[in-house]
Amino acid sequence: MPDQLKRTAAICTMGCKVNTYESARMAEELTAAGWIMVDFREKADVYIINTCTVTQIAARKSRQMIHRARALSPDALVIAAGCYVDRDDSLIKEGVIDLAISNQDKPNLVELINKTLDERAQEQQSIEEYTELSESASSQDLSQATEPVAPSDHTRAFIKIQDGCRQFCSYCIIPYVRGPLKSRPIGEIVEEVKGLTEKGYKEVVLTGIHVSSYGLDWKEQNYNRMAEEGIYVGEDLARLILELDRITGLARIRLSSLEPRLITKEFVSEISKSKKLCPHFHLSLQSGCDRTLKEMNRHYTADDFREAVRLLRAAFDDPFLSTDVIAGFPGETEEDHQASLDFVREMKFAEAHIFPYSRMDGTTAGKRKDQIPADVKKRRAHDLLHVTGEASKAYMERMQGKEVTILLEQIVTSGQPYFTGLTDNYVRIAIPADRIPEGTGQGDLLKVRIDGYVNIRSANHNASGLDTILRGI
Ligand code: SF4
């Protein structure tokens, strides 16, 4: 595209790390095609909202961002991509968006934009010929180009290793909107990661819709049947990790959300051979009550989960174990809630994301009549937050005095400038900027000793506007 025709595009990402990965890829493809990426808050010629529909709240936020884009630049091309539009075509019917791009069509984004802009230009030309207007409204916007943003501003790169989920949890719409399981070949992922390490990335996060199913589509295998029959499910995922381990320049491999039944003796024994795998495991629990787990169609029990945690804690030195828990699933009694609460307390997670159940149309759970009142869900979520908060604090306390390596990310100012970054076990550390050796900066690894806490302003701050995080020197 010649310079004078360069146009601006902005992407807003909702939802999961798979969307984060796919947004980064879309930005790369747009940049390669000559588009200038700008911040979503700026005026742009094209806005892409990479939507999410995992909860009603996520769907509502996706809609809000679409309306915000329309308000920012009424003449812009507003595109909604991903799960929300795969599920609901009303946005396009109502003319709220100009183009809907399904998850499957995300790789064809540039082609679809060009086609739509061509059609629009043809329409515009007819109007111009008729009204004898000399300039199109959209060309006036070209002067509004703002500072470019990089396709990805992460020091960690997210790599999508698979798509799709066949688990059909009763509260989740994702299997209906993300399509069949599709795992990327190991060789292709290895090549992508090599390219990223050459660009300076030291850490990759392996993401997917159901990472634990990685490779099963090649064998036409069913995750639940294999897990029930005690067949080793994680073979291909372990193979991928060990292949990535051999890449020179790559320092860390992090896994995103995993299923507890993936964590078998064989899997743990294989992944323990990796020198780069981060001791950070996010195991989705959802409930600690067997009756609720069954109603959620989760296919495992609290005992299965307990065993997975035992195996990980035996193989790794105090790994960071995080989880998700739903409070107030339809039909959850006070006894069920208590069982879940007791189990969560027993597991001592380093971090837990607690979600009051969010009713989702089109799911089995969404149709149930025994929905829990909002105030009860809120109270149960609060109970869970309280017990997970205690375990989180204890984990942070255990980090005191330890020598750790952090991947430097960004400078924040809170009284004085600090550099912040993550340890391999996913703990955020702040180091006074004047303690950073010369020539060291964003994307570098640095050894520090943890010596206390500091209050830092951050995007995810609490009510006081500050987060208390560990300090390193
Ligand atoms: S595992 Fe369950 S919650 Fe996760 S994407 Fe699949 S159906 Fe949804």
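Notes on the structure follow. (Residues numbered from 1 in each chain as written. Predicted model: local features only at pLDDT ≥ 70, side-chain atom pairs only at ≥ 80, totals over all residues. Heavy atoms only, no water.)

1. Concerning the overall build of the protein
Condition: Helix and strand labels come from DSSP, where a helix needs a run of H or I of at least four residues and a strand needs a run of E of at least two; each type is numbered from the N terminus. The cut-offs for exposure are 20% and 50% of the maximum accessible area for each residue type, with area from a 1.4 Å probe on protein chains only; residues under the lower value are buried, those over the upper are exposed, and the others partly exposed. Whether two residues touch is decided by their heavy atoms; if any such pair falls within 4.5 Å, the residues are in contact. For accessible areas, the Shrake-Rupley method is used with a probe of radius 1.4 Å. Any residue's cover is judged against the shown protein chains and nothing else.
Helix and strand content of the protein: 16 helices and 17 strands. Put simply, the protein has 473 residues, and 51% of those count as buried. Residue pairs at least 24 apart in sequence account for 72% of intrachain contacts in the protein once pairs closer than 6 positions are excluded. With an accessible surface of roughly 22,300 Å², the protein has 50% of that area assigned to carbon and sulfur atoms.

2. Notes on unusual backbone geometry
Excluding glycine, a negative phi dihedral is what most residues carry, and trans is how most peptide bonds are arranged. Positive phi values are uncommon outside glycine, yet asparagine 297 reaches one of about 65°. Within the secondary structure, asparagine 297 is located in the loop between α12 (290-295) and α13 (302-315). For tyrosine 426, which is not glycine, the phi torsion reads 65° and is therefore positive. Looking at where tyrosine 426 falls in the secondary structure, it is placed in the loop between β14 (416-423) and β15 (428-432).

3. Some points on the environment of phenylalanine 168
If you trace the backbone, phenylalanine 168 turns up in the loop between β6 (156-163) and α7 (174-177). C-alpha of phenylalanine 168 to C-alpha of threonine 363: the two residues are 195 residues apart in sequence and 9.0 Å apart in space. Among residues more than four places away in sequence, those in contact with phenylalanine 168 are Pro175, Tyr176 and Asn297.

4. Observations regarding the site of the ligand
Put simply, the rule reads: By convention in this text, a residue qualifies as near a molecule or strand provided that one of its non-hydrogen atoms is within 4 Å of it. Classification used: nonpolar for Ala, Val, Leu, Ile, Met, Phe, Trp, Tyr, Cys and Pro, charged for Asp, Glu, Lys and Arg, polar for all others including Gly.
Around the ligand, the neighbouring residues are Cys165, Gln167, Phe168, Cys169, Tyr171, Cys172, Ile174, Pro175, His210 and Arg298. For the shell around the ligand, a count of residues per class yields seven nonpolar, two polar and one charged.

5. So, the sheet that holds strand β10 (residues 280-282)
Rules: Two strands make a pair as long as DSSP finds a minimum of two bridges between them. Note on method: axes are straight lines fitted to C-alpha atoms, helices fitted across the in-contact stretch only, with angles between N-to-C directions ranging 0 to 180 degrees.
Strand order in the open sheet formed by three strands is β10-β11-β12, with parallel pairing between adjacent strands. Every interior strand has two partners, whereas the edge strands, β10 and β12 (351-356), have only one. Pairs of neighbouring strands in the sheet enclose a mean axial angle of 15°, with direction left out of account. Across the sheet, helix α16 (residues 374-399) touches β11 (320-327) and β12, and the angle it forms with β12 is around 175°.

6. Overview of the pairing of strand β9 (residues 252-255)
Burial along β9 is two-sided: Arg252 and Arg254 facing one way and Ile253 and Leu255 facing the other are all buried. Examined bridge by bridge, strand β8 (residues 203-208) and β9 share four bridges and lie parallel to one another. Within β9, the position partnered with valine 205 by the bridge is arginine 254.

7. Examining helix α1 (residues 17-32)
The test is simple: Each residue after the first adds 1.5 Å to the expected span of a helix.
Under the 1.5 Å per step criterion, the end-to-end length of α1 is 23 Å for 16 residues, consistent within 8% with the ideal 22 Å. Buried residues of α1: Val18, Asn19, Tyr21, Glu22, Ser23, Ala24, Met26, Ala27 and Leu30, and no others. Of the residues trailing α1, glycine 34 is marked for its positive phi of about 100°.

8. Examining the nonpolar core
Let me state the cut-off plainly: Here, nonpolar core refers to any group of buried Ala, Val, Leu, Ile, Met, Phe, Trp, Tyr and Cys residues whose side-chain atoms link them within 4.5 Å.
If you look at the biggest cluster of nonpolar residues, it comprises 58 residues, and the most contacted ones within it are Leu206, Leu237, Leu244 and Ile263. Other than its neighbours up to four places away in sequence, leucine 244 contacts Ile189, Val190, Val193, Leu206, Leu250 and Ile253. In this structure, Cys12, Val38, Cys52 and Val85 belong to the second largest nonpolar core, which totals 22 residues.

9. Quick look at the pattern of salt bridges
The condition that has to hold: Criterion for a salt bridge: a side-chain nitrogen of Lys or Arg within 4 Å of a carboxyl oxygen of Asp or Glu.
One pass over the structure, following the stated rule, counts 39 salt bridges. With a shortest N-O distance of 2.6 Å, aspartate 336 and arginine 291 are connected by a salt bridge. Taken together, the residues span a long stretch of sequence, with aspartate 336 in helix α14 (residues 334-347) and arginine 291 in helix α12 at a distance of 45 residues. Where glutamate 346 meets arginine 306, a salt bridge forms, and the shortest distance between an N and an O atom there is 2.7 Å. Here glutamate 346, found in helix α14, pairs with arginine 306, found in helix α13; they are 40 residues apart in sequence, far enough to count as distant. For glutamate 346, a relative accessible area of 38% translates into the label partly exposed. Here arginine 306 falls in the partly exposed class, since its relative accessible area comes to 29%.

10. Observations concerning the sheet that holds strand β5 (residues 99-101)
Taking strand neighbours across the sheet as the criterion, the five strands line up as β2-β1-β3-β4-β5 in an open arrangement whose pairing is parallel. If you trace the sheet from one side to the other, it starts and ends with β2 (36-37) and β5, each paired once. As paired strands, strand β1 (residues 8-13) and strand β3 (residues 46-51) are joined by five bridges and run parallel to one another. When the bridges of β3 are listed, threonine 13 appears paired with asparagine 50. Against the sheet, α1 contacts β1, β2 and β3, and its axis sits at roughly 175° relative to β1.

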